Amino acid sequence: MFFQHVYDKSLAQASYFIGCQAKNEAIVIDAQRDIDVYLEIAEQNNMKITHIAETHIHADFLSGSRELAAVTGGALYLSDEGGEDWQYQFPHEGLKHGDKITVGNLSLEVLHTPGHTPESISFLLTDHPATDEPVMIFTGDFVFVGDVGRPDLLEKAAGLKGTQEKGAKQMFESIQRFAELPAHIQVWPGHGAGSACGKALGAVPSSTVGYEKIRNWAFQYEGDERGFTNNLLEGQPEPPKYFAMMKHLNKVNRPLLVEVPKHPKLDKEAFLTAYENGLKIIDARDKTEFAKGFIPGSINIQGNNSFATWAGWILNYQEQFVLVADDHQMEDLTRKLMRIGLDNIYGYISEVDNLGLELQTADVIDIESFKSYLGNKNVQIVDVRGASEYKTAHVEGADNVFVGTLQDNLDKISKDKQVVIHCQSGDRATTAYSLLRKNGFDKVKNYSGGMKEWLEKGNKVAQ
């Protein structure tokens, strides 16, 4: 058996290339949209991708399964479980509980494992020349290392009322069946630490059924469905705004993108025309460089592993936008954006100081200056972290307005008072600062040290 774990750090998303070396056939599970990685693995190992499968209709990334099927001619195997409302709306080979996929000398048994979503399935792999016992299970967003998939996304992200309680009940039942599997079976999940598909995902890439039964919190509620449900639904992070669009695009027919596109570098005249026409400017530079001088109205989303997530919060799928990024960054940023379907890049520029524009600078303050504003009735302290982070510990007197939904909650920020914002360690606060400046808030300061520095210095917090 050939096996390769493909991991996208930017979305904490795992996909799998599994092949039979005797027959030179392979299956890819939960492919990312930029499919060249799988084509390269196949070529390097003399494999033909004959099967392509998904564990469920994904919410957090735009699946590349259809692109991969179009390029390779491989058959597309997708869940037909979950009922009428949870069916893929394009041609595929439908899978039901108990079905088997044969890839050379390998077989994958389909297990219906609803909870995260109604149609969710897992694949139980057997390497037949070696043994007739299953050796691996690919769980998608069902069981993670140390956690299980959240059932509230359909309600919170896609607006499907009443689905989270039903999903929690299904999840409880699914993990009881999972616990009956042999302890030695390796567990390969669809996500790792950092994904918004759970709240306590482990950092190691895989586990075993036995280890999860001992270590995973979700398996400690035998016979206590209410306790399990309460824990499962409590404290989940805010689902990114783009999740609803991913659910839609992964379910319906859509245009395919089989290569990573290249975008033009704009000259001064082309950029200024786009800028004057109101195109959004996303500045992907480091926050310290952005603070020294930025284009008025531009939004800072640093080009790190969180770039796609925050872009998905702030951009919509209809508007074009311009990137500020170095030449060598563009392929990486394009890949990150295409993985969530943000394809409307108009072009990019690498310099901001040669455009003839008067640049703005960010008002960044240190911890002592921050302390001087606390308790002042003419100052509003705004914590732009997530609600669960704020609830755990925050600076006394701070208001909580999450950066991801800041554009929808500008009425909660005072234009009359001095506003001082912060997050955990400065990244999200820089994005929030740029959004506020873009929307006409002129009296804003950024305490970039954030809660990380505040706690390291031994300062008191409220809960």
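Quick note: structure is the one above.
Residues numbered from 1 in each chain as written. Predicted model: local features only at pLDDT ≥ 70, side-chain atom pairs only at ≥ 80, totals over all residues. Heavy atoms only, no water.

Enquirer: Sorry, what's going on with the overall build of the protein chain here?
Expert: A tally of regular secondary structure across the protein chain gives 15 helices and 21 strands. Against the compact-globule benchmark of 23 Å for 463 residues, the protein chain has a radius of gyration of 24 Å, which places it among compact chains. The dimensions of the protein chain, computed from C-alpha atoms along their principal axes, are 70 × 55 × 40 Å. For the protein chain, the residues scored as buried account for 57% of the 463 residues in total. Contacts in the protein chain between residues far apart in sequence, at least 24 positions, make up 68% of those at least 6 positions apart. In the structure as shown, the protein chain presents an accessible area of about 19400 Å², 46% of it carried by carbon and sulfur atoms. With 46 positive and 64 negative side-chain charges, the protein chain shows a spacing of 5 Å between the two charge centroids. (Helix = DSSP H or I, 4+ residues; strand = E, 2+ residues; numbered from the N terminus. Rg over C-alpha atoms; globule rule 2.2 N^0.38 Å. Buried < 20%, exposed > 50% of the residue type's maximum accessible area, 1.4 Å probe, protein only. Contact = heavy atoms within 4.5 Å. Areas by Shrake-Rupley, 256 points an atom, 1.4 Å probe, with all protein chains shown as cover. Lys, Arg positive; Asp, Glu negative; His and termini not counted. Charge placed at Lys NZ, Arg CZ, Asp CG, Glu CD.)

Enquirer: Help me understand helix H11 (residues 330-338), please; the structure alone is not making it clear to me.
Expert: Because an α-helix completes one turn every 3.6 residues, residues spaced three or four positions apart along the sequence face the same direction. Summarising burial for H11: seven of the nine residues are buried, a large majority. Of all the positions in H11, only Met-330, Leu-333, Thr-334, Arg-335, Lys-336, Leu-337 and Met-338 are classed as buried. Tucked into the core, H11 has its buried residues touching helix H1 (36-44), helix H10 (307-314), strand S15 (321-324) and strand S16 (345-349).

Enquirer: What should I look at first to understand the sheet that holds strand S7 (residues 100-103) in this one?
Expert: Backbone-to-backbone hydrogen bonds join strands into a sheet, with any given pair of strands oriented parallel or antiparallel. The six strands are arranged S7-S8-S9-S10-S11-S12 in an open sheet whose pairing can be described as mixed. The two strands at the open ends of the sheet, each matched to only one other strand, are S7 and strand S12 (207-208). The pairing of strand S9 (residues 121-127) with strand S10 (residues 136-140) spans three bridges and is classified as antiparallel. Bridging from a neighbouring strand, Phe-123 pairs with Phe-138 of S10. (Pairing = 2+ DSSP bridges.)

Enquirer: Which parts of the structure should I look at to understand the pattern of salt bridges?
Expert: Think of it this way: side chains of opposite charge can pair up when their charged atoms draw near. Scanning all chains against the criterion turns up 23 salt bridges. A salt bridge links Arg-33 to Glu-67, with the nearest nitrogen and oxygen atoms 3.5 Å apart. Taken as a pair, Arg-33 in the loop between strand S3 (25-29) and H1 and Glu-67 in helix H2 (residues 65-72) lie far apart in primary sequence, 34 residues in all. With relative accessibility at 3%, the residue Arg-33 sits in the buried group. By relative accessible area, which is 0% here, Glu-67 ends up buried. Residue Arg-285 is joined to Asp-283 by a salt bridge in which the shortest nitrogen-to-oxygen separation is 2.8 Å. With a relative accessible area of 0%, Asp-283 lands in the buried category. (Salt bridge = Lys/Arg side-chain N within 4 Å of Asp/Glu carboxyl O.)

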